[in-house]
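Coordinates in review
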Amino acid sequence: MKRQPGSTFKPIADYAPAIEAGYAPATVVNDVRTTFGTNWQPVNYDGKYRGIISMRTAAQNSVNVASIKFLQLATIPNSLAMLAKMGIELDPEKDNNLSIALGGITYGVSPLQMAAAYGTLANGGVYTQPWCITRIEDSQNKVIYENELAQTIAMKETTAYLVTDMLRTVTTSGTGTRAQLPNRDVASKTGTVQLPDLSYFKGLNGNRDAWFAAYSPEMVGVVWMGYDNDKDANGKVQYLRQIYGGKYPALIWKYVIGGASTDLPESRFKRPAGI
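Now for a description of the structure that goes with this document. Here the structure is a predicted model, which is why all the values come from computation and not from measurement. (Residues numbered from 1 in each chain as written. Predicted model: local features only at pLDDT ≥ 70, side-chain atom pairs only at ≥ 80, totals over all residues. Heavy atoms only, no water.)

1. Focus on a nonpolar patch on the surface
On the surface, Tyr248, Leu251, Ile252, Tyr255 and Val256 cluster together to form a nonpolar patch covering roughly 520 Å² of accessible area. If you trace the backbone, isoleucine 252 turns up in helix H7 (residues 248-260). Residue isoleucine 252 is classed as partly exposed on the basis of its relative accessible area, which comes to 38%. (Patch = residues over 30% accessible without salt bridge, like charges linked within 9 Å, V, L, I, M, F, W, Y side chains within 5 Å. Areas by Shrake-Rupley, 256 points an atom, 1.4 Å probe, with all protein chains shown as cover. Salt bridge = Lys/Arg side-chain N within 4 Å of Asp/Glu carboxyl O. Helix = DSSP H or I, 4+ residues; strand = E, 2+ residues; numbered from the N terminus. Buried < 20%, exposed > 50% of the residue type's maximum accessible area, 1.4 Å probe, protein only.)

2. Let's talk about helix H3 (residues 64-74)
In terms of burial, H3 is largely enclosed, as 9 of its 11 residues are buried. When H3 is considered as a whole, its buried residues turn out to be Asn64, Val65, Ala66, Ser67, Ile68, Lys69, Phe70, Leu71 and Ala74. Residues of H3 that are buried make contact with helix H1 (10-20), strand S1 (28-31), strand S2 (51-54), helix H2 (55-60) and helix H4 (76-85). (Contact = heavy atoms within 4.5 Å.)

3. Observations regarding the sheet that holds strand S9 (residues 220-226)
Reading across from one edge, S7-S8-S9 is the order of the 3 strands in this open sheet, with antiparallel pairing throughout. Every interior strand has two partners, whereas the edge strands, strand S7 (187-194) and S9, have only one. On average, adjacent strands in this sheet sit at an angle of 10 degrees to one another, irrespective of strand direction. With 7 bridges connecting them, strand S8 (residues 207-215) and S9 associate as antiparallel partners. Bridge pairing in S9 links alanine 214 to glycine 221. (Pairing = 2+ DSSP bridges. Axes fitted to C-alpha atoms, helices over the stretch in contact; angles between N-to-C directions.)

4. Observations concerning the environment of alanine 150
Along the polypeptide, alanine 150 turns up in the loop between strand S5 (143-146) and strand S6 (151-153). According to the relative accessible area criterion, alanine 150 is partly exposed, its value standing at 30%. Not counting the four nearest positions on each side in its chain, alanine 150 is found in contact with Tyr127, Thr128 and Gln129.

5. Remarks on the nonpolar core
Among the nonpolar cores identified, the biggest contains 53 residues, and Phe9, Ile12, Ile88 and Met114 are the most heavily contacted of them. Among the elements of the structure, H1, H2, H3, H4, helix H5 (111-122), helix H6 (157-173), S8 and S9 are those that each provide at least two residues to this core. Examining the composition of this core, we find that 7 residues originate from one element, H6, more than from any other. Once residues within four sequence positions are removed from consideration, isoleucine 12 is found in contact with Pro17, Met82, Leu83, Met86, Ile88, Met114, Ala117 and Leu121. Counting residues in hydrophobic clusters, the runner-up holds 9 residues, among them Leu181, Val223, Ala250 and Ile257. (Core = buried A, V, L, I, M, F, W, Y, C linked by side-chain atoms within 4.5 Å.)

6. Concerning the pattern of salt bridges
Under the counting rule described, the total for this entry stands at 10 salt bridges. Here arginine 135 and glutamate 137 are joined by a salt bridge, their closest N and O atoms 2.9 Å apart. Residue arginine 135 is classed as partly exposed on the basis of its relative accessible area, which comes to 42%. As a salt-bridge pair, aspartate 230 and arginine 208 come within 2.7 Å of each other at their nearest N and O atoms. Of the two residues, aspartate 230 is situated in the loop between S9 and H7 and arginine 208 in strand S8; the sequence distance between them amounts to 22 residues. Sharing partners across several salt bridges, the network here consists of Arg56, Asp165 and Arg168.

7. Thoughts on unusual backbone geometry
Even without being glycine, asparagine 183 reaches a positive phi, approximately 65 degrees. Note that asparagine 183 resides in the loop between H6 and S7. In this model, glutamine 242 sits at a positive phi of 55 degrees, which is unusual for a non-glycine residue. Relative to the elements of secondary structure, glutamine 242 occurs in the loop between S9 and H7.

8. Examining H1
Along H1, 10 of the 11 residues are buried, which leaves the element largely enclosed by surrounding structure. Buried within H1 we find Lys10, Pro11, Ile12, Ala13, Asp14, Tyr15, Ala16, Pro17, Ala18 and Ile19. Taken together, the buried residues of H1 touch H2, H3, H4, H5, H6 and S7. Once H1 finishes, glycine 22 follows within two positions and takes phi at roughly 115 degrees, a positive value.

9. Concerning the packing of H1 against H3
Relative to each other, H1 and H3 sit at 50 degrees, their axes nearing to 8 Å. When the axis of H1 is compared with that of H3, the two are oblique. Taken as a pair, H1 and H3 cross one another with a handedness that is left-handed. Seen from H1, the contacting residues are Lys10, Ala13, Asp14, Tyr15, Pro17 and Ala18; seen from H3, they are Asn64, Ser67, Phe70, Leu71 and Ala74. Per-class residue counts for the contact of H1 with H3 are 7 nonpolar, 2 polar and 2 charged. (Parallel < 35°, antiparallel > 145°, perpendicular 65-115°, else oblique. Left-handed = near helix turned anticlockwise from the far one by under 90°. Nonpolar A, V, L, I, M, F, W, Y, C, P; charged D, E, K, R; others polar.)

Just distances and angles here, no functional claims.
So, in structure tokens, the structure goes:
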């Protein structure tokens, strides 16, 4: 299953590459109506423009125009290279454009890919290739298969921490407040994908995909909500009504990860040296 990731792509496509290139959560850009290229004029989800804002504020409020400008600072080649190190291989020709800043990519991504990418941020910049089977033993307890851990350094530890710290702000006072957990830090990002410009969606008010990607110091979880197909077996159009990333997906994440964390001691993200 691969779908457009929406704004959940911003931390890994925009912010992390920008910080790796030497910028910081306090770096500012001008959030004003902007035309990129010849005719692309994206808008912010709430229709508002905030003027001079920092990267942290752009993440906190999921500001589209500012995020695109942070990708420009990072440069598209640097973004594509870092995404590849986190297990997200994009089309080098079709995705070589600024739309990746908002999760507009040719073939989409799976929830597993997003979980592994966010796991890189949680793991201090080290990407771990996902696996399902750790070990297989026969009836005599002889190990006949054991997974070999495959890891890659995708970014500096300080970069991962600074992105994590910004995403913690998303949870405490941004679009991810529904995912707050007692006694532990949560870094999160919401994502909502609008209905595409297709004839059968004309005049409808809703979304196609809703995402919530987040992690605590111990666990990473990614929630996707949507329909497998645009139409059901009878040809009726299917889409999300009044559902966005910070609502039900965030509550599902909190229910699952919060439940799994109930008996764990208090936990905070650890700041590395060099910040």
